[in-house]
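Structure assessment
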Amino acid sequence: MGYIFFRMYVPRFIEPTVADLLKTTPVVILEGARSVGKTRLLARLLELGTVDRVVSLIDPTARAAAAEDPALWLRSLGDSFAVDEAQLAPGLPLALKQRLDRETERLRCVLTGSASLGRTGLGGSDPLARRSVRLTLEPLSEAELGGSGRSWSVIEQLFGGEPISGASAATDWRVAAERGGLPRYRLLAHDLRPRQVLDDIEAIITDDVLPGERFDRRIAIDVARHVLRNPAGELKVVAIANELGIDARTVNRYLDVLERRFLVTELPNLRQPLKQSARSTAKAYPADVALSTAYATASGRQLDHEQVRGGVFEALIAQQLRAHLGWTEAGGELVHWRQLRSGRYVEVDLAVVDAAGGLVGIEVKARESAKAADFAGLRQLRQMHRARFRRGFVVTTGGSAAQFDDEMWAVPFAALGDPAWWGLPRPAEMSELPYASAPPSSPVANGAPVARLVAYLAPADLQSAVAGDPRQFARDIADGLEGLHGRRVTLVEDDDATPADMPDESHGQAPTLVLVFITPRFLSDKACRAEFTRLIDEAVRTEGLVVRPLIWIKPRNLTMTEGDPLVDRLGSLRPTDVSEARRAERDSVTYRDLIEDVANELDVMWPNGRA
């Protein structure tokens, strides 16, 4: 772990697309990976008045009501609403269709899901066909991270713009490759630890995001590991099956599982096979490049390793293009091209096909400059698809933009994130190199103080099988503070540092709240005892500091104060007993009640009443 900064909302370029679609389409389905920003986007749509109400099926009460009588529950939401994690109510799409049959003209809604939703219910067909538009919220693109807040599309520039020849940039693409685009990874103020990403992958696979779906977790993880370790590789199902010692049909099933959870994405071949499945010639990419980088780093291979660099860089480029396709006005599809010609294969890494069938090829080279030989595959593509071919680009890690013939250019990775590379105006507030700029190092965003919420626990409890997951509990409290009370917080977690080591630049600007997780190990650890005593003393002297002890595992000697001044002081603080949360399911009423109780306490105790 480490310092985690949940900064202010990064405007998503797909936001106006959703709003525009709702003017003419009753249902917009917005799918995407867990923690990609769907919930925050819905909150933004609510703020803008695009929808009148947002309800989440993570809430057990709402989920129970939706399962009991979907039609009645839908009527209770009004005519303009959004449902988050809608896949948790399998009967919702069919009930929504029935309502649409009667109220198409006035009903407008957004459904989001962390797994594919709404494709079953009418004999396997989609109940919302012709009534809905499906979009995918991809991880944050470099263009969105630039901070302009104004939507622009590199897809449109690839088809119709011209890069400025001679422009150059010295950028480190590794920042984007290591952190990816999921907000919880990209907005960290410290290096992302591979273990954090790998733990998240296993958690996502384990999550029951599709009610009733059953599979072997171990096989799913093994298949995910194989695919994510080989980004931009061909999906050789038989080879995966042989390596894992399972049937090829099983591999296909688990690839579907991973895709439904938005861990893996496939790009089909532009030239569809005649007697083979589309998957047999597809290439596989991580839904977020940080997933593949984490596997490489955990195995001791850095991004400059010859077996890592090319695939990861291509996955990064594909990720940018997928994101831009989400809000491009003309739409389109991202594919790759590989074809047998004169006894040998010719190929191009990526290609974009627009709605009219036009074709732009993209060759990816993980080095600083391009050379004439790099365009060989693109020229073959042009020759074989002359009527459809529009342009070809070689994308490099850095260097300059240059034109090689009337339809061929070389551009650096930077051109995918900065409109100035295409002669478009760059907003004054946009940083010079948005894709390479460091993440925010202060929890004060745009002058608005954001409280620090510090999770502090005994180091021995971090790796303990019996200690549960207090870190997740702290994350959920941070979410509860914002969701219930509008209190924006920066959650600080660190395995190695104590609160005394943490930066104090926010003192006098933003309050700090420290959650101390009390366990038997905590009370027996001399360093923890000393630090807790220091924190209590400092809280008395400092207006902007609140220390809130939580009983995570109840010590036997908690009421035996004689001879233990720390336990005596702890009792005077009236710690909150949250020990039931350690064993409770995260979506249980017990767990959520405890989160709400602590969030409510912290709201009342908020230092100086500052937001």
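Owing to the predicted nature of the structure, the values given are computational and were not obtained by experimental measurement. (Residues numbered from 1 in each chain as written. Predicted model: local features only at pLDDT ≥ 70, side-chain atom pairs only at ≥ 80, totals over all residues. Heavy atoms only, no water.)

1. Comments concerning the overall build of the chain
What counts here: Only DSSP runs of H or I reaching four residues or more are called helices, and only runs of E reaching two or more are called strands; each is numbered from the N terminus. For every residue, the accessible area (1.4 Å probe, protein chains only) is compared with the maximum for its type, and the residue is labelled buried under 20%, exposed over 50%, or partly exposed between those bounds. Each accessible area is a Shrake-Rupley result for a 1.4 Å probe, and residues are judged covered by the shown protein chains and nothing else.
When you go through the chain residue by residue, the secondary structure sums to 22 helices and 22 strands. Sorting the 611 residues of the chain into buried and exposed places 53% on the buried side. As displayed, the chain offers around 26300 Å² of accessible surface, 48% of which is attributable to carbon and sulfur atoms.

2. Examining the packing of aromatic side chains
Worth spelling out the cut-off: The criterion for an aromatic pair is that two Phe, Tyr or Trp rings (for Trp, the six-membered ring) have centres within 6.5 Å, with stacked assigned to planes under 30 degrees apart, edge-to-face to planes over 60 apart and tilted to the rest. By definition here, charges over rings are those cases where NZ of Lys or CZ of Arg is within 6 Å of the ring centre and within 35 degrees of the ring normal.
Applying the stated criterion across every chain, the model contains 12 aromatic pairs. Plain terms: the ring middles of phenylalanine 375 and phenylalanine 404 are 4.5 Å apart, the flat faces sit at 35° to each other, and that makes the pair tilted. Here phenylalanine 375 is found in the loop between β13 (359–364) and α16 (376–384), whereas its partner phenylalanine 404 is found in strand β16 (residues 402–405), with 29 residues between them in sequence. Centroid distance phenylalanine 473 to tyrosine 591: 5.6 Å. Interplanar angle 90°. Geometry classified as edge-to-face. On the criterion of sequence distance, the pair formed by phenylalanine 473 in helix α18 (residues 470–485) and tyrosine 591 in helix α22 (residues 589–605) is long-range, its members being 118 residues apart. Taking relative accessible area as the criterion, phenylalanine 473 reaches 0% and is therefore assigned buried. Using a relative accessible area of 6% as the deciding quantity, one classes tyrosine 591 as buried. Three or more aromatic residues joined by ring pairs make a cluster, and in this case those are Phe473, Phe517, Trp552 and Tyr591. Just above the ring of tyrosine 254 sits the side chain of arginine 253; from NZ or CZ to the centre is 5.2 Å. A cation sits over an aromatic face here: arginine 338 above tyrosine 345, 3.8 Å from the ring centre.

3. Structural notes on helix α15 (residues 309–327)
Just so we agree on the cut-off: Multiplying 1.5 Å by the residue count of a helix minus one yields the expected span of that helix.
Given a rise of 1.5 Å per residue, 19 residues ought to cover 27 Å, and the 29 Å separating the end C-alpha atoms of α15 matches this to within 8%. Among the 19 residues in α15, 18 count as buried, and that is most of the element.

4. Topic: the sheet that holds strand β14 (residues 389–396)
The test is simple: Whether two strands pair depends on DSSP finding at least two bridges between them. The angle between two axes is taken between their N-to-C directions and runs from 0 to 180 degrees, where each axis is a line fitted to C-alpha atoms and a helix contributes only its stretch in contact. Working rule for contacts: check all heavy atoms of both residues, and any pair within 4.5 Å makes them a contact.
Taken together, the 6 strands give an open sheet; going across it, the order is β11-β12-β13-β14-β17-β16, and neighbouring strands pair in mixed fashion. Both outer strands of the open sheet, β11 (333–341) and β16, are each paired with one neighbouring strand and no more. With direction set aside, neighbouring strand axes in the sheet form an average angle of 30°. The strands touched by α15 are β11, β12 (344–353), β13 and β14; relative to β12, the strand with the most contacts, the crossing angle is about 35°.

5. Thoughts on the nonpolar core
Note the following rule: Only buried Ala, Val, Leu, Ile, Met, Phe, Trp, Tyr and Cys residues count toward a nonpolar core, and they belong to the same one when joined by side-chain atoms within 4.5 Å.
Counting residues in each nonpolar core, the largest one holds 89 residues, and the members touching the most others are Ile201, Ile317, Leu321, Leu350 and Ile362. Setting aside residues up to four positions removed in sequence, isoleucine 362 forms contacts with Leu158, Leu321, Val348, Asp349, Leu350, Ala351, Val352, Leu378, Phe393 and Val395. If you look at the next biggest cluster of nonpolar residues, it comprises 29 residues, including Ala455, Leu491, Phe517 and Trp606.

6. Looking at the side chain of glutamate 363
The following threshold applies: Polar contacts, as used here, are pairs of N or O atoms within 3.5 Å; protein pairs need one atom able to donate a hydrogen and one able to accept it. Residues neighboring in sequence count only if both atoms are side-chain atoms.
Secondary-structure assignment places glutamate 363 in strand β13. Here the side chain of glutamate 363 touches aspartate 349 through a polar contact of 3.4 Å, landing on its backbone nitrogen. Apart from the residues within four sequence positions on either side, glutamate 363 is in contact with Glu347, Val348, Asp349, Asp374, Leu378, Phe393, Val394 and Val395.

7. Describing unusual backbone geometry
Notably, serine 35 is not glycine yet its phi reads approximately 65°, a positive angle. Along the chain, the position of serine 35 falls in the loop between β2 (27–31) and α2 (38–47). The exposure class of serine 35 is partly exposed, given its relative accessible area of 35%. Of note in this structure, arginine 574 is not a glycine but carries a positive phi near 50°. With respect to the helices and strands, the residue arginine 574 is situated in the loop between α21 (565–572) and β22 (576–577).

8. Let's talk about the environment of arginine 63
With respect to the helices and strands, arginine 63 occurs in helix α3 (residues 60–68). With 23 residues separating them in the primary sequence, arginine 63 and alanine 86 have C-alpha atoms 9.1 Å apart. Leaving out residues up to four positions away in the same chain, arginine 63 has contacts with Leu57, Ile58, Leu88 and Asp587.

9. Regarding the packing of helix α10 (residues 194–206) against helix α11 (residues 217–228)
Heads up, the rule is: In these notes the angle categories are as follows: under 35 degrees is roughly parallel, over 145 is roughly antiparallel, 65 to 115 is roughly perpendicular, and the rest is oblique. Left-handed describes a crossing in which the near helix is turned anticlockwise from the far one by less than a right angle; the clockwise case is right-handed. Any residue outside Ala, Val, Leu, Ile, Met, Phe, Trp, Tyr, Cys, Pro, Asp, Glu, Lys and Arg is labelled polar, Gly included; the first ten of those are nonpolar and the last four are charged.
Two elements in contact, α10 and α11, have axes separated by 10 Å at closest approach and are oriented at 135°. Comparing the axis directions of α10 and α11 gives the class oblique. α11 is crossed by α10, and the crossing has right-handed handedness. Here α10 contributes Ile201, Glu202, Ile205 and Thr206 to the contact with α11, which in turn contributes Arg217, Ala220, Ile221, Ala224 and Leu228. For the contact of α10 with α11, the per-class residue count stands at 6 nonpolar, 1 polar and 2 charged.

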